[in-house]
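Observations on the model geometry
For reference, the chains in residue letters:
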Amino acid sequence: MSEKTEWATMWGAKVKTPTDMPDDILKDAITTSIQVLSECESSSENDDNSKQNDAIQKIKEHMDEKWSPCWHVVCGRSFGSLVTHEANRFIYFYVEDKAVMIYKA
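I will try to describe carefully the structure that is included in this document. (Residues numbered from 1 in each chain as written. Predicted model: local features only at pLDDT ≥ 70, side-chain atom pairs only at ≥ 80, totals over all residues. Heavy atoms only, no water.)

In this structure the tally under the stated criterion is four salt bridges. Across the salt bridge formed by Asp-64 and Lys-60, the nearest N and O atoms sit 2.4 Å from each other. In this pair, Asp-64 and Lys-60 both sit in helix H2 (residues 48-67), four residues apart, roughly one turn of the helix. By relative accessible area, which is 16% here, Asp-64 ends up buried. Notably, a salt bridge pairs Lys-98 with Asp-97, separated by 4.0 Å at the nearest N-O pair. Of the residues examined, Asp-97 reaches a relative accessible area of 39% and is grouped as partly exposed. Within the structure, one salt-bridge network assembled from shared partners comprises Arg-77, Asp-97 and Lys-98. (Salt bridge = Lys/Arg side-chain N within 4 Å of Asp/Glu carboxyl O. Helix = DSSP H or I, 4+ residues; strand = E, 2+ residues; numbered from the N terminus. Buried < 20%, exposed > 50% of the residue type's maximum accessible area, 1.4 Å probe, protein only.)

Structure (structure tokens):
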């Protein structure tokens, strides 16, 4: 029988639970994503796709540097996924209207 999927608010994001990431990495991923997405949104440079790509790159670089490579970041309003990832290294959450998926493979 599969686990029931629910949502919880953590550190300002709507997080899909149960989570598959330790709390220290989870908190860092969420707070970094919120900060970077906010900074990129407020930037007057480039178009929306370019801003989002810049944000994704910054989040990935942060995760790689702090938690060792190879992290993958997906951000958007509508996407599906089926990924293979390391154990305890996957999170899916919303920051306002943007879905964010971060995992290590």
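Read on for the rest.
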